[in-house]
Amino acid sequence: MARLAQTAGLTDVQQEILATVRDFVDKEILPVATELEHRDEYPQAIVDGLTELGLFGLMIPEEYGGLGESLLTYALCVEEIARGWMSVSGIINTHFIVAYLLKQHGTAEQKEYFLPRMAAGEVRGAFSMSEPALGSDVSAITSKAVRDGDEYVLTGQKMWLTNGGTSSLVAVLVRSDEGHPEGTAPHRSMTTFLVEKEPGFGEVRPGLTIPGKIDKMGYKGVDTTELIMDGLRIPADRVLGGTTGRGFYQMMDGVEVGRVNVAARGCGVAQRAFELGVRYAQQRHTFGRPIAQHQAVQFKLAEMATKVEAAHAMMVNAARKKDSGERNDLEAGMAKYLASEYCKEVVEDAFRIHGGYGYSKEYEIERLYREAPMLLIGEGTAEIQKMIIGRRLLEEYRFQG
Ligand SMILES: Cc1cc2nc3c(=O)[nH]c(=O)nc-3n(C[C@H](O)[C@H](O)[C@H](O)COP(=O)(O)OP(=O)(O)OC[C@H]3O[C@@H](n4cnc5c(N)ncnc54)[C@H](O)[C@@H]3O)c2cc1C
């Protein structure tokens, strides 16, 4: 199965990490994923195994106890994990974004306090921008922070927190008008707060409630929740980076690396769908031969494999661009857009190849069919990616007439 989605130019260390993760996926994730997903059960044993492998600290610098690896290594690991079960990559993803936000924007004290425990997987991160009335339009956030002495008092309702229940640290984006006169652009009056809490549901800290899990069509096992702040008091030294008004830019930076990660998930799910499709096509016989010998089915397989290759190449390109220190919003937007659309198409083709059995819960493709649509929405919908891509293209190709 290793012919597709190869990555040239990896170091020995990267190859070793990927081989270890792939082995873990084959032995510990794939055999149990569908059963756990059907039960909507949190994969604690898998998470413990990934913690032991150091996956929660993969990109955290070595000085804070992490492995100090690149975005490319991280994305390739995510691709492998999503090939096993997309929900597991979701458990790591929000943690990774919060660790990235701290690494890039945190004060020295915040890094020192959080990153070593995040690298060890003891503190687990979630991030929260969306609200019931907004997702794409982040600048419309209404949750508020008001200064009161050495603290801020936070009020408002948040929506769609991946790992909202299981996390112990949430990066929450709210409006904080303090220091920003009336008429300040919305994105200049937002602040990210580092909110510590107990894992679990109900009132997890005075003024902070996590009501319960949202019941989803797929992407099960990982908890997705609301978050309600009602007079939640947060010390001023838990403003990410120590200065208010920078939250919008910090979060957009985090989401940009998150997009490479979602692209990687799309690649992993598409690869698995191809594996299932190509196997089934050689087992199932109609009209006296394996269906893989019918040209229409072979053409499907050809299209699926081409999409797997193309998505992987774009995802790797976007990760490498970021690792080289260059701006990668164009490449990340393109990779996320293409990988999620292709993932949906490859999954659908694998589903069709399975005929009626694809509709049965006994077959893994049924799970993938419910998982793929999430990638069209998370970290910015297809329309939002196209807006980002279009704007950047017009900057790059400005007409000088
Ligand atoms: C399972 C799951 C997990 C999630 N996890 C998190 C999380 O951990 N943290 C978090 O903060 N959020 C999370 N989200 C929220 C997610 O980021 C939003 O759902 C997403 O950004 C879309 O926002 P929305 O749902 O409000 O849709 P809307 O913004 O209301 O969009 C609705 C439709 O209108 C289109 N649209 C909107 N604006 C435009 C425009 N200007 N031009 C053209 N079309 C437009 C959109 O593309 C979409 O098709 C999660 C969502 C899901 C489903």
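Conventions we followed
Residues numbered from 1 in each chain as written. Predicted model: local features only at pLDDT ≥ 70, side-chain atom pairs only at ≥ 80, totals over all residues. Heavy atoms only, no water. UniProt positions renumbered as here; feature names shortened; annotations may be inferred. Helix = DSSP H or I, 4+ residues; strand = E, 2+ residues; numbered from the N terminus. Rg over C-alpha atoms; globule rule 2.2 N^0.38 Å. Buried < 20%, exposed > 50% of the residue type's maximum accessible area, 1.4 Å probe, protein only. Contact = heavy atoms within 4.5 Å. Core = buried A, V, L, I, M, F, W, Y, C linked by side-chain atoms within 4.5 Å. Expected span 1.5 Å × (residues − 1).

An unreviewed UniProt entry lists the protein chain under the name Acyl-CoA dehydrogenase, from Streptomyces fumanus. In its Sequence similarities (unreviewed entry) section, the UniProt record describing the protein chain reads: "Belongs to the acyl-CoA dehydrogenase family." Entered under Cofactor (unreviewed entry) in the UniProt record, the comment concerning the protein chain runs "FAD".

Colleague: Go over the overall build of the protein chain, please, and point to the residues and values.
Modeller: The number of helices and strands found in the protein chain is 10 helices and 10 strands. Radius of gyration (C-alpha) of the protein chain: 22 Å, near the 21 Å computed for a compact globule of 401 residues. For the protein chain, the spread of C-alpha atoms along the three principal axes comes to 80 × 60 × 40 Å. By residue count, 56% of the 401 residues in the protein chain fall in the buried class. Residue pairs at least 24 apart in sequence account for 75% of intrachain contacts in the protein chain once pairs closer than 6 positions are excluded.

Colleague: Mind laying out the nonpolar core, listing which residues take part and the relevant values?
Modeller: Counting 102 residues, the largest nonpolar core has Ile29, Leu50, Ile81, Leu102 and Met118 as the members making the most contacts within it. Tallying contributions element by element places helix α6 (residues 247–283) first for this core, with 17 residues. Apart from residues lying up to four places away in sequence, isoleucine 29 is in contact with Phe24, Ile46, Ile81, Gly84, Trp85 and Val88. With 19 residues, the next largest nonpolar core counts Val195, Val204, Leu227 and Met229 among its residues.

Colleague: Report on helix α8 (residues 329–353), specifying residues and quantitative values.
Modeller: Along its 25 residues, α8 runs 36 Å from first to last C-alpha, staying within 8% of the 36 Å computed at 1.5 Å per residue. Most of α8 sits out of view: 18 of its 25 residues are buried. Just beyond α8, the residue with positive phi is glycine 355, at close to 55°.

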